[in-house]
Amino acid sequence: MMELDSESTLRAQIKARIKELGKAGMFISGSFMRTERKCGSKKCACATGGAKHPCCLLTSKVNGKTKAIYIPVDLADEVEGWVAEHRRVKAMLKEIDELGERLIKIHVRSRRRRERNIAAARGCRKEESP
Ligand SMILES: [Zn+2]
């Protein structure tokens, strides 16, 4: 029977992803958001309905509540990259999980097949002996 997955192929695929994980850059969980806000100064135009100030937020859920932190403007692009990297790392972890589950399932099947082959080989040798 042809099998698409072999245990050794799966182990190699897992190893490659773990190696890729090791090359990951800085990452952070949460959602990156660009929005606007009032600066708080009563003298500023934003206080009297004028244009608000662009700002960036990092939001995440903590115990079911949304937590938001302001990101300094000069760090915004960098943090946006961290968020993207976190998504990539999370996707790789999920793939490793799935490959690991396939490996576990296939291991039992291939062990049974090996045992059958060994049993069959023993059967042959018995027939050959006088
Ligand atoms: Zn303002």
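A brief report on the enclosed structure follows. Only a predicted model underlies this, so the values are computations on that prediction, with no experimental measurement involved. (Residues numbered from 1 in each chain as written. Predicted model: local features only at pLDDT ≥ 70, side-chain atom pairs only at ≥ 80, totals over all residues.)

Attention now goes to the overall build of the protein. Looking only at helices and strands, one finds 2 helices and 3 strands in the protein. Ordered by position in the sequence, the α and β elements of the protein form the string α-β-β-β-α. Here the C-alpha atoms of the protein give a radius of gyration of 28 Å, more than 25% beyond the 14 Å that 2.2 N^0.38 yields for 130 residues. The dimensions of the protein, computed from C-alpha atoms along their principal axes, are 105 × 30 × 20 Å. (Helix = DSSP H or I, 4+ residues; strand = E, 2+ residues; numbered from the N terminus. Rg over C-alpha atoms; globule rule 2.2 N^0.38 Å.)

Moving on, we come to the environment of H86. Checked against the element boundaries, H86 lands in helix α2 (residues 76-128). Between the C-alpha atom of H86 and that of T9, which follows or precedes it by 77 residues, the distance is 27 Å. Sequence-distant contacts of H86, that is, excluding residues within four places in its chain, are made with F27, I28 and S29. (Contact = placed C-beta atoms within 7 Å.)

Right, let's get into the sheet that holds strand β2 (residues 53-62). Read across the sheet, 3 strands follow the order β1-β2-β3 without closing on themselves; strand pairing throughout is antiparallel. Two strands close off the open sheet at either side, each with one partner strand: β1 (31-37) and β3 (65-71). Across the sheet, the mean angle from the axis of one strand to that of its neighbour is 40°, orientation sign disregarded. For β1 and β2, the ladder comprises 7 bridges, and the chain directions are antiparallel. Opposite R37, over in β2, you have H53 as the bridge partner. (Pairing = 2+ DSSP bridges. Axes fitted to C-alpha atoms, helices over the stretch in contact; angles between N-to-C directions.)

Moving on, we come to unusual backbone geometry. Located in the positive-phi region is N63, a residue other than glycine, with phi close to 50°. In this fold, N63 is placed in the loop between β2 and β3. You can call N63 exposed: it has 5 C-beta atoms within 10 Å. (Buried ≥ 20, exposed ≤ 12 C-beta atoms within 10 Å, placed from the backbone.)

What follows concerns the pairing of β3. By the bridge criterion, 7 bridges tie β2 to β3 in an arrangement that is antiparallel. By the bridge assignment, C56 is partnered in β3 with I71. In textbook terms, the turn of a hairpin is the stretch between consecutive antiparallel strands, and for β2 and β3 this stretch comprises 2 residues, one of which, N63, has a positive phi near 50°.

Among the structural elements, K38 can be located in the loop between β1 and β2. In this structure, the C-alpha to C-alpha distance between K38 and K52, residues 14 residues apart in sequence, is 5.4 Å. Once you skip the residues sitting within four places of it in the chain, K38 turns out to touch C46, A47 and K52.

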